[in-house]
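Topology and contacts: notes
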Amino acid sequence: MNKHRVPVDLGQQRILALMFIATGSVFTGIASILGVLRLTEVSTGVPIVSLHIFSVHPYLQILGFLTMFIYGVAYSLIPSLKSRGLPSYAAAKISFALTAAANTGFILTIFTGSAYLIMAITAGSLILEASASLIFLIEISWVLSRGRKRAPDGDGYIFLSAVSLTLAILISLSATLEGRELF
């Protein structure tokens, strides 16, 4: 028997999936409320939500919901499909904490009027997001490279997705540090 084999821990995978998906749902709830308010404002012409507050919407929808949902599903399904557990369920939970903190940071920008502070908090949040995506990339790459049931095409797309997420977040961070609005 391979002494380096990490068994799949279905209990840990369920916990991770629930943590990520439930928290991502909270962030998308907040973002969706902002989106509905903005749409109502645009369609009625009655000012409801400022553009400053609405600017949080895309961050929470993409990095708050979509990313957390993908992490939750991937941390649960990929190890099961590859018959290989994650190298560190604790690292996956750190990834969760970093992502949740980053999205909380995006929400905090609503409560400041200082352009410098908004940029600093957004950049800090993107650094947390990038750190979480690197953990995700390392964990998933490890499972893909050591798991059973090799499927080079499918595995390549999974790996490419994880790399693309990290690169997109780093590009977003660069734009933020240059003072460019992403959305």
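Residues numbered from 1 in each chain as written. Predicted model: local features only at pLDDT ≥ 70, side-chain atom pairs only at ≥ 80, totals over all residues. Heavy atoms only, no water.

Some thoughts on the overall build of the protein chain
Put simply, the rule reads: Counting from the N terminus, the helices are DSSP H or I runs at least four residues long and the strands are E runs at least two residues long. Note on exposure labels: buried denotes an accessible area under 20% of the residue type's maximum, exposed denotes more than 50%, and partly exposed covers the range between, all computed with a 1.4 Å probe on protein chains only. Working rule for contacts: check all heavy atoms of both residues, and any pair within 4.5 Å makes them a contact. Here, Shrake-Rupley sampling with a 1.4 Å probe gives the accessible areas, and only protein chains in the shown set may cover a residue. Asp and Glu count as negative and Lys and Arg as positive, but His and the ends of the chain are not part of the count. Charged side chains are reduced to one point each, which is NZ for Lys, CZ for Arg, CG for Asp and CD for Glu.
Secondary structure assignment for the protein chain yields 6 helices and 0 strands. When the helices and strands of the protein chain are read in sequence order from the N terminus, they spell out α-α-α-α-α-α. Taken along the three principal axes of its C-alpha coordinates, the protein chain extends 65 × 30 × 30 Å. Residue burial in the protein chain is summarised as follows: out of 183 residues, 40% are buried. Put simply, of all contacts in the protein chain between residues at least 6 apart along the chain, 81% involve residues at least 24 apart. By element, 72% of the accessible surface of the protein chain is carried by carbon and sulfur atoms, the whole surface being about 9500 Å². Distance between charge centroids for the protein chain: 16 Å, based on 12 positive and 8 negative side chains.

Remarks on the packing of aromatic side chains
We count it as follows: Note on ring pairs: Phe, Tyr and Trp rings are taken, using the six-membered ring of Trp, and paired if centres are within 6.5 Å. Classes follow the plane angle, with under 30 degrees stacked, over 60 edge-to-face and the rest tilted. Comment: the charge-over-ring label is applied if NZ (Lys) or CZ (Arg) is within 6 Å of the ring centre and within 35 degrees of the ring normal.
Inspection of the entire model under this criterion finds 8 aromatic pairs. Here Phe 20 and Phe 96 contribute two aromatic rings whose centre-to-centre distance is 5.3 Å and whose plane-to-plane angle is 85°, an arrangement assigned as edge-to-face. Of this pair, Phe 20 sits in helix H1 (residues 10-44) while Phe 96 sits in helix H4 (residues 89-108), and the two are 76 residues apart along the sequence. You can call Phe 20 buried: its relative accessible area is 0%. Look at Phe 65 and Phe 69: their rings are 5.7 Å apart centre to centre, the planes differ by 35°, and that puts the pair in the tilted class. Here Phe 69 and Phe 65 lie together in helix H3 (residues 56-82), a separation of 4 residues that amounts to about one turn. A connected cluster of aromatic rings, assembled from ring pairs, spans Phe 20, Tyr 71, Tyr 75, Phe 96 and Phe 136. Arg 38 extends its terminal NZ or CZ atom over the ring of Phe 54, reaching a point 5.9 Å from the ring centre.

Here we look at the pattern of salt bridges
Our working rule: Think of a salt bridge as a Lys or Arg side-chain nitrogen and an Asp or Glu carboxyl oxygen that are within 4 Å of each other.
For the structure shown, the criterion picks out 3 salt bridges. For Glu 41, the salt bridge goes to Arg 38, with nearest N and O atoms at 2.8 Å. One end of the pair, Glu 41, and the other, Arg 38, are both in helix H1, 3 residues apart, so they sit about a helical turn from each other. Take Glu 41: its relative accessible area is 13%, and that puts it in the buried class. In this structure, Glu 178 and Arg 180 form a salt bridge, with 2.8 Å as the shortest nitrogen-oxygen distance.

Digging into the side chain of Thr 122
With respect to the helices, strands and loops of the structure, Thr 122 is situated in helix H5 (residues 115-146). Ignoring sequence-local partners within four residues, the contact set of Thr 122 consists of Tyr 59, Phe 106, Thr 109 and Thr 176.

Focus on the environment of Pro 58
Counting through the fold element by element, Pro 58 comes out in helix H3. Judged by its relative accessible area of 14%, Pro 58 falls in the buried class. The sequence separation of Pro 58 and Ile 48 amounts to 10 residues, and the corresponding C-alpha distance is 18 Å. Pro 58 has contacts with Leu 63 and Phe 183, leaving out every residue within four places of it along the chain.

What about a nonpolar patch on the surface?
Using the following cut-off: To count toward a patch, a residue needs a relative accessible area over 30% and no salt bridge; like charges are then connected within 9 Å, while nonpolar side chains (Val, Leu, Ile, Met, Phe, Trp, Tyr) are connected within 5 Å.
Where nonpolar side chains cluster on the molecular surface, the patch consists of Ile 33, Leu 37, Val 46 and Ile 48 and spans about 330 Å² of accessible area. By the secondary structure assignment, Ile 33 is in helix H1. The exposure class of Ile 33 is exposed, given its relative accessible area of 54%.

Notes on the packing of H1 against H4
Quick note on the threshold: To get an axis, a line is fitted to the C-alpha atoms, and for a helix only the part in contact is used. The angle between two axes follows their N-to-C directions and goes from 0 to 180 degrees. Throughout this description, any angle smaller than 35 degrees is read as roughly parallel, any larger than 145 degrees as roughly antiparallel, any in the 65 to 115 degree range as roughly perpendicular, and the remainder as oblique.
Two elements in contact, H1 and H4, have axes whose closest approach is 11 Å; the angle formed by their N-to-C orientations is 5°. Here H1 lies roughly parallel to H4, going by the angle between them. Packed against H1, whose contacting residues are Gln 12, Gln 13, Ile 15, Leu 16, Met 19, Phe 20, Thr 23, Phe 27 and Ile 30, the element H4 presents Tyr 89, Ala 92, Lys 93, Ser 95, Phe 96, Ala 100, Asn 103, Thr 104 and Ile 107 at the interface.

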